[in-house]
Amino acid sequence: MLGLMQSQPMLISGLIDHAERHHGDAEIVSRRVEGDIHRSTWAGIAVRSRQVAHALDQLNLLFSDRVATLAWNGYRHLELYFGVSGSGRVLHTINPRLHPDQIAWIANHADDQVLCFDMTFLPLVQAVHARCKTIRQYVALCDADKLPPDSGIPGLVSYEAWIGGQPTSYEWPTFDENSASSMCYTSGTTGHPKAALYSHRSTTLHAFAAALPDVMSLSARDSVLPVVPMFHVNAWGIPYSAALTGCKLVFPGPAMDGKSIYELIEAEKVSYAAGVPTVWQMLLGHMKPGGLRFSTLKRTVIGGSACPPAMISAFNDDYGVEVLHAWGMTEMSPLGTLCTLKNRHLDLPPAEQMKIRLKQGRAIYGVDMKIVDGDGQPLPWDGKTYGDLYVKGPWIVREYFKGEGGDPLVDGWFPTGDVATIDAEGYMQITDRSKDVIKSGGEWISSIDVENIAVAHPAIAMAACIGMAHPKWDERPVVVVVKKPGAQVTREELLQFYQGKTAKWQIPDDVIFVEAIPLGATGKILKTRLREQLKDYALPAA
Ligand code: AMP
């Protein structure tokens, strides 16, 4: 017997319709490429997303055709999020930090038909457009009078001219909620990137789950600053959850330095911010010397790579801002876990609470997880046993776009490539990417733990721990560090700093000082590149 409730497909157009009707006057504030501040509302975004849909119809774009973006976080990008997917096309957000060859490869692989780009990326588009075989319309995200007269890009139009004369009403089509809505290529460190292809259903379910109180906890009372880019896993789904809840959105555009972010937080009364640790490092670095304070910021969700304990303490103890540590990945839309305390933790002493907060958190409803050994057998949830982390759920990939890489699942589970522990209360802690874990004398050393201790030292700005081949122990950890400007610390002092903070055999064998640590397109440390750079390095004799 079937239930007798209405069956209505969960479509992204429904999110923007809701935001317009119920939160039409909530503001969408953007710092533009030009540097000025632009103000719109959910109603304004809705109107212009319908104009985008008309512009795409005029190009005779078919259902599921791909529309690519190379763009910062801003109102025009938001309009494309809803106009492209709402009209049944697929939004393909390209990471502009990728190598131009990779961008051309991705655009061809995705069969992109249209490319909308911020003016920052004009030189990039000029460099790759001749190689992008399927793109038939280039759109510069700017006013008509800002369009360069001789860009060399055939048929280039300004976004404002492109959508300007279009009707403001549009009947969103109704279709199967399992249809593709957007796509994002993984920043694979080997071989070509592979694309996660999200659906209207997966995106809407993720938006619901992400908005829950123990997840992102978004509401119509919040002013939300997503610093996490809209070109990387849909800015963790915040644009969709924001439409669902009707919160105010504040977009930083290209200005992600500490000063610009701080000014925006204060000017727009931001209560909630989301970003990767490197961005917050810049923000805290800007605030400390001038003794600046937050007047409205209450919570910040930090993920994408492990949040160092020193950062959690700084936000919490020095600024009264709650840190929500999150974990996920492109293949998971991206949210998998989020770290919030349970009722029974509220009376624990701060040091005990901190131990929990450092973990990547509890699975959010919809995500099932397990840790397994090398034979795929489940391992205990005791907070100590390490294993390969597997996940499944309705917003986790089943297969990559065009079947690349074959069937990624193992008995229906997606192997994340992360190594983790899970404790008896279900809190998961990432110890490493499986290829980065250091195997020393039959035991595993977590590179994240080694890095966290290094960055807790006042002179260290950034640290990366890698395993080096060792004749007796198989591998031994070394820590590669970048000093803070003007700060001094010696190898011996840093090794001494590890004493008492971790088991003796987990203390690195050496410290290597470098000017910079290589980062990938999503701001994560490129350990493969680091290993190449250190291929001639030899461990000090014991
Ligand atoms: P991406 O698909 O580029 O977002 O990368 C996903 C990967 O980033 C995960 O598989 C983890 O290895 C890493 N990651 C994301 N969030 C965290 C976190 N909070 N702590 C540690 N690693 C993380």
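Just so you know, these numbers come straight off a predicted model, no measurement behind them.

Caption draft 1: Seen up close, the overall build of the chain. Per the secondary structure count, the chain includes 16 helices and 25 strands. Scaling as 2.2 N^0.38, a compact globule of 542 residues should have a C-alpha radius of gyration of about 24 Å, and the chain matches this with 24 Å. For the C-alpha atoms alone, the extent of the chain along its principal axes is close to 75 × 65 × 50 Å. In the chain, once contacts between residues fewer than 6 apart in sequence are set aside, the share between residues at least 24 apart is 66%. Here the chain displays about 22,700 Å² of accessible surface, and carbon together with sulfur accounts for 53% of that area. Counting 50 positive and 58 negative side-chain charges, the chain places the centres of these two groups 2 Å from one another.

Caption draft 2: Local environment of the site of the ligand. Taken together, 15 residues form the shell around the ligand, and within it A326, T330, Q360, D418 and R433 come nearest. Within the contact set of the ligand, a nitrogen atom lies 3.2 Å away from a backbone nitrogen or oxygen of A306. In this structure, an oxygen atom belonging to the ligand sits 2.8 Å away from a side-chain N or O atom of R433. With the chains in place, 91% of the 500 Å² that the ligand exposes on its own is no longer accessible. When residues of the shell around the ligand are assigned to their parent elements, the largest contribution, four residues, is made by strand 14 (residues 322-328).

Caption draft 3: Looking closely at the side chain of T330. Tracing the chain through its elements places T330 in the loop between strand 14 and strand 15 (335-338). Each residue touching T330, except ones within four places of it in the same chain, is listed here: C184, Y185, T186, A196, Y198, H232 and V233.

Caption draft 4: Layout of the packing of helix 7 (residues 200-211) against helix 9 (residues 238-245). It is at 8 Å that the axes of helix 7 and helix 9 come closest, and there the two elements cross at 70°. The pairing of helix 7 with helix 9 is recorded here as roughly perpendicular in orientation. Across from T203, A207, F208, A210 and A211 in helix 7, the residues of helix 9 making contact are Y240, S241, L244 and T245. Residues that form the contact of helix 7 with helix 9 fall into these classes: six nonpolar, three polar and no charged.

Caption draft 5: The arrangement of the side chain of R299 in detail. Mapping R299 onto the fold places it in strand 13 (residues 299-302). A polar contact of 2.8 Å, which involves the side chain of R299, links it to the backbone oxygen of S217.

Caption draft 6: Local environment of the sheet that holds strand 7 (residues 157-158). The seven strands lie next to each other as 7-6-5-3-4-8-9, forming an open sheet whose pairing is mixed. Among the strands making up the open sheet, the edge pair consists of strand 7 and strand 9 (195-199). As paired strands, strand 4 (residues 90-93) and strand 8 (residues 180-185) are joined by two bridges and run parallel to one another. Across the sheet, the residue bridging to H92 is M183, located in strand 8. Sheet contacts for helix 7: strand 8 and strand 9; angle to strand 9, the most-contacted strand, approximately 80°.

Caption draft 7: Quick look at the environment of R66. Its place among the elements puts R66 in strand 3 (residues 66-70). R66 sits 48 residues away from V114 along the chain, and the two C-alpha atoms are 7.1 Å apart. Aside from chain neighbours lying at most four places away, what touches R66 is V90, H92, A110, D111, D112, Q113, V114, M183 and F401. Among the polar contacts listed, one links the side chain of R66 to the backbone oxygen of A110, at a separation of 2.7 Å.

Caption draft 8: Representation of the nonpolar core in the model. Formed by 144 residues in total, the largest nonpolar core has its most connected members in W42, F82, F117, W162, M216, W280 and F294. Among the elements that take part in this core, helix 2 (residues 42-58) stands out by supplying seven residues, more than any other. Among residues more than four places away in sequence, those in contact with W162 are A55, L56, L59, L80, C116, Q137, V139 and V157. Within the second largest apolar cluster, 19 residues are counted, among which are I445, A459, A463 and Y498.

Caption draft 9: Up close: the environment of A461. Relative to the helices and strands, A461 is located in strand 23 (residues 460-470). Between the alpha carbons of A461 and V482 there is a distance of 5.6 Å; along the sequence they are 21 residues apart.

Calculation rules
- Residues numbered from 1 in each chain as written.
- Predicted model: local features only at pLDDT ≥ 70, side-chain atom pairs only at ≥ 80, totals over all residues.
- Heavy atoms only, no water.
- Helix = DSSP H or I, 4+ residues; strand = E, 2+ residues; numbered from the N terminus.
- Rg over C-alpha atoms; globule rule 2.2 N^0.38 Å.
- Contact = heavy atoms within 4.5 Å.
- Areas by Shrake-Rupley, 256 points an atom, 1.4 Å probe, with all protein chains shown as cover.
- Lys, Arg positive; Asp, Glu negative; His and termini not counted.
- Charge placed at Lys NZ, Arg CZ, Asp CG, Glu CD.
- Near = heavy atom within 4 Å.
- Polar contact = N/O pair within 3.5 Å; in protein donor to acceptor, adjacent residues only side chain to side chain.
- Axes fitted to C-alpha atoms, helices over the stretch in contact; angles between N-to-C directions.
- Parallel < 35°, antiparallel > 145°, perpendicular 65-115°, else oblique.
- Nonpolar A, V, L, I, M, F, W, Y, C, P; charged D, E, K, R; others polar.
- Pairing = 2+ DSSP bridges.
- Core = buried A, V, L, I, M, F, W, Y, C linked by side-chain atoms within 4.5 Å.
- Buried < 20%, exposed > 50% of the residue type's maximum accessible area, 1.4 Å probe, protein only.

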